Amino acid sequence: MIPHATQQLSGWGRTPVTECDVYRPESLQALEALVTSDEQPNIIARGLGRSYGDASVNDGGGVVLATRLNRMLSFDADAGVVTCEAGVGLDELVNAFLPKGWFLPVTPGTKFVTVGGAIANDVHGKNHHRDGVFSNFVAWLDLLLADGSVLHCSRDENADAFWATVGGAGLTGIILTAQIQLLQVESAYMKIDSRRCKDLDEVLAALSESDGRYRYSVSWVDVLASGAHLGRSFLANGDHASRDDLPGNTTNPFATRDKRKLAVPIEFPSWALNSLSIKIFNEAIYRTHPTRNNQIESYDSYFYPLDRIHNWNRVYGKRGFTQYQAVFPPDQTEGIREMLEKLSAASLGSYLSVLKRMGPQGEGMLSFPFEGYTLTLDLPFRKGAEPLFEELDRLVLNRGGRLYLAKDVTTKADVFQAMYPRLDEFRAVKAKLDPHNRFSSRQARRLGLCSNGKAAN
Ligand SMILES: Cc1cc2nc3c(=O)[nH]c(=O)nc-3n(C[C@H](O)[C@H](O)[C@H](O)COP(=O)(O)OP(=O)(O)OC[C@H]3O[C@@H](n4cnc5c(N)ncnc54)[C@H](O)[C@@H]3O)c2cc1C
C-alpha cells in the first residue's frame with residue numbers, strides 16, 4: 001500500500017468537508033507509481049487548497065498533494081523566464097524574484113496558490129482587462145498522464161492538451177513543471193489612485209473610463225447599500241511604481257516593511273455574522289477610503305490584503321461559505337444590478353464583494369473570464385442559502401454570464417454546462433488523454449466534467 005492518510009478535507013470555503021485518502025509523494029517516481037497504481041479508483045491533484053469549493057477534494061478517492069514537487073529549476077535573469085515545478089507557491093516566486101526586479105505577470109488575490117493551481121484554474125488578477133489570464137504567460141508545461149507518461153504541451157506542441165489543461169481543474173493529468181514569463185518592475189511598490197463611487201452606474205462608468213490608463217483596477221462594493229446607493233463602491237486603480245515615484249531617500253526600492261501578521265484564532269459563532277456587523281464593516285471600508293491620488297503602497301497590501309490574516313476563512317463559522325463569482329457580458333450589467341438587489345434584500349450578507357472589468361477571453365477550453373464585468377462575493381452558508389444560490393445561477397445564465405470553477409460548490413450540472421460552450425471539446429481531449437477518468441474530483445462528478453459527461457454525486 002502506498003503511504004497515505006485518511007483526512008477530512010475541504011476547499012478554502014470549508015464546505016463540503018469530505019473524507020479523502022491524501023498522498024504526498026516526495027518524488028516524481030513516487031508520483032508516477034501512485035498515478036499508475038490501482039489503489040484508488042481515481043485521484044485529483046491539490047495545491048494549497050485555495051480554491052473555495054470542491055475542485056481539489058475527492059470523496060471516496062485519492063487526493064495528491066503536489067506541494068512537495070516544489071523545486072525552482074532555472075531562471076533567465078535577463079529575460080525574466082522561470083522554469084519550476086508545479087508545487088512552487090506564487091509567494092515563493094515573489095520572494096525569489098521580486099528582489100531581482102521581476103514580479104508575477106498575473107496574480108490572484110492571494111499569493112498562497114501553487115503554480116499548478118494557478119494553471120489548472122487559469123487564474124486572473126486585477127490586470128485582466130489588460131493582460132488576460134495566467135496561461136498567457138505560460139510558455140509550456142509538462143503533464144503526467146494516467147498511463148504514467150509525461151506529455152510536453154505548449155501552443156505549438158500538443159496544443160489541445162495545453163488548452164484543456166489550462167483552466168481544466170486538474171482533470172487532464174498532473175502538471176509537473178511549467179515555464180513562466182515574469183513581469184519586469186522597478187520596485188516592490190504600487191502607485192494607486194483611488195476614488196469613491198456613489199452607485200453602480202458611477203463605478204461601471206469609472207471602470208470602463210479608467211481601465212485604459214492603468215494596468216490594475218479593482219472596486220470594493222458595499223453589498224448592503226440599497227436604493228439610490230446600490231453598488232456604492234471604492235475603486236482603486238494602480239500601476240507598479242517606478243523608482244522615480246518613490247521618496248528620494250529610498251535606498252532599496254525592493255525592500256518593503258514586513259507588516260505584522262494577524263490571525264483568526266477561533267471559529268466565529270454564527271451570531272457574530274449578522275447584517276449589522278457586515279454593515280459596519282462595509283461602511284468602515286467605504287468611509288476610510290477617501291478619493292486620493294498617487295498613494296504609494298507595497299505590492300503586498302495592494303494585491304494581498306487578506307494574506308495578512310491567517311485563517312480568515314474562519315470568520316464565516318462552522319458552516320463555511322462560498323465565494324460566488326460571475327462574469328457578465330458588457331451589455332448585461334443589469335444582471336449585476338439584479339444580483340446586488342437580491343443580495344441586499346436577502347438576509348445573507350457578504351463582507352467582501354469585488355467588481356472588476358474583464359478583458360477578452362483566453363483560449364483555455366474551460367477558462368472562466370470573458371469580456372465584461374465580474375462580480376465576486378463571499379456568501380456564508382446558512383439556512384435558505386441554497387435556493388438563493390440557485391436563483392442567482394439562473395440569473396447569471398439568463399444574462400449570458402458564467403460561474404468560476406475555482407469558486408463554485410453548489411451549481412447544478414445542466415446550468416454549468418450551458419455556461420461553457422467548449423465543454424464537449426474539453427471532454428473529447430480528456431477522453432483521449434485519460435480514457436478511464438483516472439483524474440476526477442467531487443466537483444468534476446457533480447458538474448459532469450468527465451469524458452462520459454455524466455454528473456453524479
Ligand atoms: C483569498 C483568495 C483570493 C483569490 N483571488 C483570486 C483571484 O483574484 N483570481 C482568481 O482567478 N482566483 C482567485 N482565487 C482562487 C485561487 O487562485 C484558485 O483557486 C487557485 O487555483 C488555487 O490554487 P491552489 O494551489 O490552492 O490549488 P487547489 O485549490 O488545491 O486546487 C485548485 C485546482 O487546481 C488543480 N491543481 C492543483 N495543482 C495541480 C497540479 N499540479 N496539476 C494539475 N492540477 C492541479 C486541482 O486539482 C484543482 O482543480 C482566490 C482564492 C483565495 C483564497
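Heads up: the structure comes first, above all this text.
Residues numbered from 1 in each chain as written. Predicted model: local features only at pLDDT ≥ 70, side-chain atom pairs only at ≥ 80, totals over all residues. Heavy atoms only, no water.

Visitor: Explain the sheet that holds strand β14 (residues 233-240) to me, and be specific about the residues and the numbers.
Guide: Across the sheet, 8 strands lie side by side as β16-β12-β14-β13-β19-β20-β18-β21; this open sheet has antiparallel pairing. The outermost strands of the open sheet, each flanked by one partner alone, are β16 (292-298) and β21 (402-403). Where strand β19 (residues 353-358) meets strand β20 (residues 372-380), 6 bridges bridge the pair, whose relative direction is antiparallel. Counterpart to V354 in the pairing with β20 is T376. Packing of helix α6 (residues 200-210) onto the sheet brings it into contact with β12 (189-197), β13 (216-221), β14, β19 and β20, and relative to β19 it is tilted by some 40 degrees. With respect to the sheet, helix α9 (residues 333-345) is in contact with β13, β18 (321-328), β19 and β20, its orientation differing from that of β20 by roughly 15 degrees. (Pairing = 2+ DSSP bridges. Helix = DSSP H or I, 4+ residues; strand = E, 2+ residues; numbered from the N terminus. Contact = heavy atoms within 4.5 Å. Axes fitted to C-alpha atoms, helices over the stretch in contact; angles between N-to-C directions.)

Visitor: Please give an account of the packing of α6 against α9 that cites residues and values.
Guide: Interhelical geometry of α6 versus α9 gives an angle of 140 degrees and a closest axis separation of 11 Å. It follows from the interaxial angle that α6 and α9 lie oblique. Our pair here, α6 against α9, has a crossing hand that is right-handed. On α9, the residues that touch L200, D201 and L204 of α6 are T333, I336, R337 and L340. A per-class count over the contact of α6 with α9 returns 4 nonpolar, 1 polar and 2 charged. (Parallel < 35°, antiparallel > 145°, perpendicular 65-115°, else oblique. Left-handed = near helix turned anticlockwise from the far one by under 90°. Nonpolar A, V, L, I, M, F, W, Y, C, P; charged D, E, K, R; others polar.)

Visitor: Please set out the packing of aromatic side chains residue by residue, giving values where relevant.
Guide: Taken as a whole and judged by the stated rule, the model has 16 aromatic pairs. Between F162 and W163, the ring centres sit 4.8 Å apart and the planes meet at 85 degrees, which makes this aromatic pair edge-to-face. Just as F162 is buried, W163 falls in that class too. Where Y324 meets F389, the ring centres are 6.3 Å apart and the plane angle is 15 degrees; that geometry is what we call stacked. With Y324 in strand β18 and F389 in helix α10 (residues 385-398), this pair connects stretches of sequence that are 65 residues apart. Each of the two residues, Y324 as well as F389, counts as buried. Taken together, F103, Y216, Y299, Y302, F303 and Y304 form an aromatic cluster joined through their ring pairs. Its end group placed over the ring of Y302, K126 keeps NZ or CZ at 5.7 Å from the ring centre. (Phe/Tyr/Trp six-rings, centres within 6.5 Å; stacked < 30°, edge-to-face > 60°. Buried < 20%, exposed > 50% of the residue type's maximum accessible area, 1.4 Å probe, protein only. Lys NZ or Arg CZ within 6 Å of the ring centre and 35° of its normal.)

Visitor: How would you summarise the pattern of salt bridges if you had to cite specific residues and measurements?
Guide: Evaluation of the coordinates by the stated rule reveals 25 salt bridges. D54 is the partner of R446 in a salt bridge, and the nearest nitrogen-oxygen pair spans 2.8 Å. Here R446, found in helix α13 (residues 442-447), pairs with D54, found in the loop between β3 (43-46) and β4 (62-65); they are 392 residues apart in sequence, far enough to count as distant. Relative accessible area serves as the criterion here: at 0%, D54 is assigned to the buried category. In this structure, the salt-bridge partner of K342 is E391, at a minimum N-O distance of 2.8 Å. (Salt bridge = Lys/Arg side-chain N within 4 Å of Asp/Glu carboxyl O.)

Visitor: Please set out the site of the ligand residue by residue, giving values where relevant.
Guide: Close to the ligand lie 34 residues, the nearest being A45, R50, S51, T114 and Y404. R50 places a polar main-chain atom, nitrogen or oxygen, 2.7 Å from an oxygen atom of the ligand. With the chains in place, 96% of the 960 Å² that the ligand exposes on its own is no longer accessible. For the shell around the ligand, the secondary-structure elements that each account for two or more residues are β3, α3 (115-120) and β10 (174-181). (Near = heavy atom within 4 Å. Polar contact = N/O pair within 3.5 Å; in protein donor to acceptor, adjacent residues only side chain to side chain. Areas by Shrake-Rupley, 256 points an atom, 1.4 Å probe, with all protein chains shown as cover.)

Visitor: Give a description of the pairing of β13 that names residues and reports values.
Guide: The two faces of the sheet receive side chains in turn, since in a regular strand these alternate between them. With respect to burial, β13 is a largely interior element, 5 of its 6 residues being buried. Relative to β19, β13 is paired through 2 bridges, and the arrangement is antiparallel. The residue of β19 that forms the bridge with S219 is L355.

Visitor: Talk me through the packing of α9 against α10; I want residue IDs and the actual numbers.
Guide: Put simply, α9 and α10 touch, their axes get as near as 10 Å, and they point 170 degrees apart. As summarised for this structure, α9 and α10 are arranged roughly antiparallel, according to the angle between their axes. Of α10, the residues touching α9 (which contributes G335, E338, M339, K342 and L343) are L388, E391, L392, L395 and V396.

Visitor: Which residues make up helix α2 (residues 90-97), and what values go with them?
Guide: Listed in full, the buried residues belonging to α2 are L90, D91, L93, V94 and F97. Seen along its axis, α2 keeps its buried residues to an arc of 160 degrees; they face one direction. On its buried face, α2 is in contact with β5 (72-76), β6 (81-85), β7 (102-103), α3 and α8 (299-303). (Arc of directions from axis to C-beta.)

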